[in-house]
Amino acid sequence: MTGRKPLFAALVAMLFTMACTETHEHIAPPIYDKDSVSMMTSYGVNTLISDSGVIKYKIVAERWDVNTVKQPTRWTFIKGIFLEQFDEGYHVQLYVQADTAWYYDQKKLWELRGRVRVRNMEGLVFKSEELYWDGFKHELYSYKYSRVITPERTLEGTYFRSDERMTRYEVSNSKGSFEKEDMENETTTTAADTASQTNDSLPSMPMQRSVPLPRPAQQR
């Protein structure tokens, strides 16, 4: 019995020491910051966007991420987007597609990247790697090399600005305006002068009253 007392005392002392030792949880750090995680992710999106009950746009996308925490809040279409713009009679006025797109709802601003293509009902085709769509000013613009192709001519430049339907636009820092009649009759005219003389290139456009871009009406 005498030999067991020291052993028992040692065991009690060890258990007491372990009980008093502070435990540490081994938790791995988060992979992403909390403001970078999407609040909603939808796949196979086919969405109508309305304004005051009137359908204005249709969005088709493989993936749609919505983040209302990150500033500025945004929608992200990382796998591309196809958008149609309607007039008051629900007729398509504009087709837009891009490899990647972001919509900043507080700024009412679309940012389109990658292979950006736009076509309107007059046969105009816009091609670039960048395009911004300002919902407050109701205009589109790009600071990268762009091509504007119409049935009559092709304009190229590093600055583009247009109204929302691409019926009035300007191309600055132009590389050329290629029209058969121009090349035959004005061979000495510089490319920049030729571009500025075309009827398609407008130096200024009246700004419209700001109307917020509508919210999604339904999602299927």
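Above this text you will find the structure in question.
A few points about the pattern of salt bridges
And then number 1: Under the defined criterion, the tally for this structure stands at seven salt bridges.
And then number 2: One salt bridge in this structure joins Arg63 and Asp65, with 2.8 Å as the shortest N-O distance.
And then number 3: Close ionic contact of Arg147 with Glu156 constitutes a salt bridge, the shortest N to O distance being 3.4 Å.
And then number 4: By relative accessible area, Arg147 is classed as partly exposed at 29%.
And then number 5: Overlapping salt bridges bring together Glu111, Arg113 and Glu130 as one network.

A short note on unusual backbone geometry
And then number 1: The peptide bond linking Gln71 to Pro72 adopts the cis configuration, its omega dihedral lying at -5°.
And then number 2: Looking at the element boundaries, Pro72 is found in the loop between β2 (54-67) and β3 (74-77).
And then number 3: We note that Tyr90 has phi near 65°; this positive angle belongs to a residue other than glycine.
And then number 4: Structurally, Tyr90 can be placed in the loop between β4 (81-86) and β5 (92-98).

Cut-offs used in this document
- Residues numbered from 1 in each chain as written.
- Predicted model: local features only at pLDDT ≥ 70, side-chain atom pairs only at ≥ 80, totals over all residues.
- Heavy atoms only, no water.
- Salt bridge = Lys/Arg side-chain N within 4 Å of Asp/Glu carboxyl O.
- Buried < 20%, exposed > 50% of the residue type's maximum accessible area, 1.4 Å probe, protein only.
- Helix = DSSP H or I, 4+ residues; strand = E, 2+ residues; numbered from the N terminus.

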